[in-house]
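Summary of the model geometry
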Amino acid sequence: MRSDRVTRRAALALAAGLSLAVSAIPVQAQDGAKKIRIGVIGAGNIGGTIGTLWVKDGHEVMFASRHPETLASMVSELGPKAKAGTPEEAIKFGDAVFIAVPYKAYPDLAKEIGPALSGKIVLDAGNATQRRDGALYDEVQANGIGTTSAKYFPGAKLVRAFNAANYKVFAKESADGGKARAGGRMAIPIAGDDPEALKVAEGLVRDAGFDPVVVGPLKEADRFAMGSPGFGHELTAPELREKLGVAK
Ligand SMILES: NC(=O)c1ccc[n+]([C@@H]2O[C@H](COP(=O)([O-])OP(=O)(O)OC[C@H]3O[C@@H](n4cnc5c(N)ncnc54)[C@H](OP(=O)(O)O)[C@@H]3O)[C@@H](O)[C@H]2O)c1
């Protein structure tokens, strides 16, 4: 309970900081893409950070919590494009959904919201760690992260995204829409099987202030999973393509 409060406080502080840091970004897509509605499930470190970047770019975002009332100050600070709701409400709201909850929650979450995610474009940031996720970590080691996420959310058009760096890195490197970054915008590796979902994810990566690098189908997400050689880099798109051996 206490650590939940600490985490929420940290995320709120970061969201507040981001509000200031990116408030100069004009409210229009950085790549001209149309604005969509996004449901963010898990408004903690990563959901709060990336969701805030999308709000600042002009997307409408519903941040979901099991206790949506705890998000009141965060969404109020972000303005009219930000809302709070339950996971079910965020799925209904979103043209796309961003999942940012601890990986060990996936089995229960799948029972609660799996059917509602069927047919939806879902960006999946979850990482499995041995200490936190136990049996789920073992499952990911055995079967791969993309395959495991797809097992829990079988009908969703899944794209692995925003999993390969720390939220503080995402917050820092997206300042001024990534335009101020020396050498060019930071690349975000993504992987998925559905071409439409990949296109939407590419646009949302750009709108958050980064450049997408499509690594391949969902099973290729292991190439940038936590603990893999492709994890944890702050590279530009050409540099990341070279590192991962991905053709343009
Ligand atoms: N932190 C990072 O830098 C980072 C970077 C890349 C990827 N990731 C991955 O992203 C995921 C989230 O990490 P985080 O650091 O953002 O975690 P976090 O700050 O703890 O936030 C996770 C959110 O998920 C919700 N949640 C927790 N347990 C849940 C459950 N059993 N069912 C449904 N919702 C639950 C909580 O919201 P409520 O309690 O309000 O419901 C919480 O705000 C993890 O899988 C992590 O590995 C994290």
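Parameters and conventions
- Residues numbered from 1 in each chain as written.
- Predicted model: local features only at pLDDT ≥ 70, side-chain atom pairs only at ≥ 80, totals over all residues.
- Pairing = 2+ DSSP bridges.
- Helix = DSSP H or I, 4+ residues; strand = E, 2+ residues; numbered from the N terminus.
- Axes fitted to C-alpha atoms, helices over the stretch in contact; angles between N-to-C directions.
- Contact = placed C-beta atoms within 7 Å.
- Buried ≥ 20, exposed ≤ 12 C-beta atoms within 10 Å, placed from the backbone.
- Right-handed = clockwise from strand over helix to strand, strands pointing away.
- Near = placed C-beta within 6 Å.
- Nonpolar A, V, L, I, M, F, W, Y, C, P; charged D, E, K, R; others polar.
- Core = buried A, V, L, I, M, F, W, Y, C linked by C-beta atoms within 7 Å.
- Expected span 1.5 Å × (residues − 1).
- Arc of directions from axis to C-beta.

Digging into the sheet that holds strand β8 (residues 211-216)
Read across the sheet, 8 strands follow the order β3-β2-β1-β4-β5-β6-β7-β8 without closing on themselves; strand pairing throughout is mixed. Two strands lie at the open edges of the sheet, namely β3 (82-85) and β8, each paired on one side alone. Taken over all neighbouring pairs, the strand axes of this sheet differ in orientation by 25° on average, direction set aside. As judged from the 5 bridges shared by strand β1 (residues 37-41) and strand β2 (residues 60-64), these two strands associate in the parallel manner. If you follow Gly 39 over to β2, its bridge partner there is Met 62. Relative to the sheet, helix α8 (residues 145-152) contacts β5 (121-124), β6 (157-160) and β7 (187-192), its axis offset from that of β6 by approximately 150°.

A closer look at the pairing of β2
Among the 5 residues of β2, 4 are classified as buried, and the element is accordingly described as predominantly covered. Chirality of the crossover, the property in question, places the unit of β1, helix α2 (residues 45-56) and β2 among those that are right-handed. As defined by bridge partners, β2 adjoins β3 across 4 bridges and the pair is classed as parallel. Bridged to Val 61 within β3 is Ala 82.

Focus: the site of the ligand
Of all residues adjacent to the ligand, which total 25 residues, the nearest are Gly 42, Gly 44, Ser 65, Ala 105 and Asn 127. Mapped by element, the contributors of at least two residues to the shell around the ligand are α1 (2-22), α2 and α5 (106-117). Of the residues contributing to the shell around the ligand, the split by class is 11 nonpolar, 11 polar and 3 charged.

Some details on unusual backbone geometry
One non-glycine residue, Phe 162, lies in the positive phi region at around 60°. One non-glycine residue, Asp 176, lies in positive phi territory at about 55°. With 12 C-beta atoms counted inside 10 Å, the residue Asp 176 sits in the exposed group.

Describing the nonpolar core
Grouped burial of nonpolar side chains is what soluble globular proteins tend to show. Val 40, Phe 63, Phe 98, Leu 123, Ile 190 and Ala 201 are the most contacted members of the largest nonpolar core, which has 76 residues in total. Broken down by element, this core gets its largest block of residues, 6 residues, from helix α10 (residues 195-207). Those residues in contact with Phe 98, other than ones at most four positions away along the chain, are Ile 38, Val 40, Ile 41, Gly 47, Ile 50, Gly 51, Leu 123 and Ala 125.

Some words on α5
The first and last C-alpha atoms of α5 sit only 13 Å apart over 12 residues, clearly below the 16 Å expected at 1.5 Å per residue. Tyr 106, Leu 109, Ile 113 and Leu 117 are the residues of α5 that are buried. The buried residues of α5 occupy an angular sector of 85° when the element is viewed end-on, so they sit on one face. Opposite the packed face of α5, turned more than 90 degrees from it, sit the exposed residues Asp 108, Lys 111 and Pro 115. Summarising the contacts, the buried residues of α5 are in contact with α4 (87-93), β4 (96-99), β5, α7 (135-143) and α8. Of the residues flanking the end of α5, it is Gly 119, one or two places downstream, whose phi is positive at about 85°.

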